[in-house]
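Listed below are the residues making up each chain.
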Amino acid sequence: MVHEHSDATSGETAALALKILVAGGFGVGKTTLVGAVSEIRPLRTEELLSEAGRSADDTGGVDRKVTTTVAMDFGRITIRSGLSLYLFGTPGQDRFWFLWDELAQGALGAVVLADTRRLEDCFPAVDYFEHRHIPFVVAVNCFTDARTYGAHEVARALDLDRGTPVVLCDARDRDSGKEVLVRLVEYAGRMHTARLLDSVG
Ligand SMILES: Nc1nc2c(ncn2[C@@H]2O[C@H](COP(=O)(O)OP(=O)(O)OP(=O)(O)O)[C@@H](O)[C@H]2O)c(=O)[nH]1
Ligand SMILES: [Mg+2]
C-alpha cells in the first residue's frame, strides 16, 4: 500500500505512506514494538489468552503473558518529513496464518522479530517473506534474561540470504524501534530499486 498526496497548487512536498509488516513468533514483542513507536494510539486486537486460545496456545517460554493478538496491530510513524509508515503487526500464533496474505498485500517490507531463546519460532515468518520476495530485516528483541548473540550468529542460525540485515533492538524503546524501521526502509528501497533495474535492463 503506497499513498501519495501532493498539493500542486500550494507546492507542498508530497507525502508518502508505506506499509510495513511486523511479524515473528508468539509473544516476541510485535504488539509492544508497534505500540512503542506509533504516534497515534495503536489499534490493538488483544484477547485474553485463556479465552482466545483455550488449550491451543503454547505459552511455554513466554512469561506472564495474559493476552494475544487475534487479528492485527496497527500504528503509524513519521520517519522523516514527507515519509510515514503504516505498521501492521501480525498475530503470532499458527492458528491465525490465514490472515497473513491479506496483511501482506502491498507491503514494502517486513520486520521479523526474534527472541534468541526461541529462535525457531521466527522460521515460518522468515520463510514466508523469502518465498514471496518481500524484503525483511530480522530484529532481535533483546529480552533482559536472554543470552546476547551477535547479528552474525543470528544470521547464520537462521540461514538468512546474504545481505539480509539483522538488528539488535529493544521492542519497548521508541528510538530502538525506529532504528529498526529506518534500516528496513533503506534495505527495502535498495532491493526494490535493484529489481526495477533488473527488469528494465
Ligand atoms: N523484558 C522484556 N519484555 C518484553 C519485551 N518486549 C515485550 N516484552 C513483554 O513480552 C510480552 C509479549 O509482548 P507482546 O508485544 O504482546 O508480544 P506479541 O509478539 O505481540 O505477542 P502475540 O501477539 O501473542 O504473538 C509482554 O508481556 C511484553 O511486556 C522486551 O523487549 N523485554
Ligand atoms: Mg501481539
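Cut-offs and rules
- By convention here, each chain's residues receive numbers from 1 onward along its written sequence.
- By the order in which they are written, chains take letters starting at A while ligands take numbers starting at 1.
- Whole-chain, interface and lining totals are the exception, using all residues; otherwise, since this is a predicted model, local features are given only for residues with pLDDT of at least 70 and side-chain atom pairs are given and counted only at 80 or more.
- Hydrogen atoms and water are omitted, and side-chain values are computed over all heavy atoms in the structure.
- UniProt positions are given in the numbering used here, feature names are shortened, and annotations may be inferred rather than shown by experiment.
- When two rings of Phe, Tyr or Trp (its six-membered ring) have centres within 6.5 Å they constitute a pair, described as stacked for plane angles under 30 degrees, edge-to-face for angles over 60, and tilted for the intermediate range.
- Starting at the N terminus, helices and strands are each numbered in turn, a helix being any DSSP run of H or I of at least four residues and a strand any DSSP run of E of at least two.
- Remark: a charge is flagged as sitting over a ring if the NZ atom of Lys or the CZ atom of Arg is within 6 Å of the ring centre and within 35 degrees of the ring normal.
- What makes a salt bridge here is a side-chain nitrogen of Lys or Arg within 4 Å of a carboxyl oxygen of Asp or Glu, nothing more.
- Partly exposed residues are those whose accessible area sits between 20% and 50% of the maximum for their type, while under 20% is buried and over 50% is exposed, using a 1.4 Å probe and protein chains only.

Under an unreviewed UniProt entry, the chain has the name ATP-binding protein and belongs to Streptomyces dioscori. The UniProt entry for the chain carries this comment under Sequence similarities (unreviewed entry): "Belongs to the GPN-loop GTPase family."

### Thoughts on the packing of aromatic side chains
Tallied over the entire structure, the rule returns eight aromatic pairs. Ring geometry for Phe-74 and Phe-88: centres 5.1 Å apart, planes at 65°, overall edge-to-face. Taken together, the positions of Phe-74 in strand S5 (residues 73-80) and Phe-88 in strand S6 (residues 83-89) put the pair 14 residues apart, joining distant regions of the chain. Ring pairing ties together the aromatic residues Trp-97, Trp-100, Tyr-128, Phe-129 and Phe-136, which thus form one cluster. The lysine or arginine in question, Arg-117, covers the ring of Phe-143, its NZ or CZ lying 4.7 Å from the ring centre. The ring of Tyr-128 has Arg-132 sitting right over it, with the charged end atom 3.7 Å from the ring centre.

### Notes on the pattern of salt bridges
Summed over the entire model, instances satisfying the criterion amount to eight salt bridges. The closest approach of N and O atoms between Glu-39 and Arg-76, which form a salt bridge, is 3.8 Å. One end of the pair, Glu-39, is in the loop between helix H1 (30-37) and strand S3 (46-48); the other, Arg-76, is in strand S5, and 37 residues separate them in sequence. Residue class for Arg-76 comes out partly exposed when judged on its relative accessible area of 30%. Between Arg-132 and Asp-101 there is a salt bridge, with the nearest N and O atoms lying 3.8 Å from each other.

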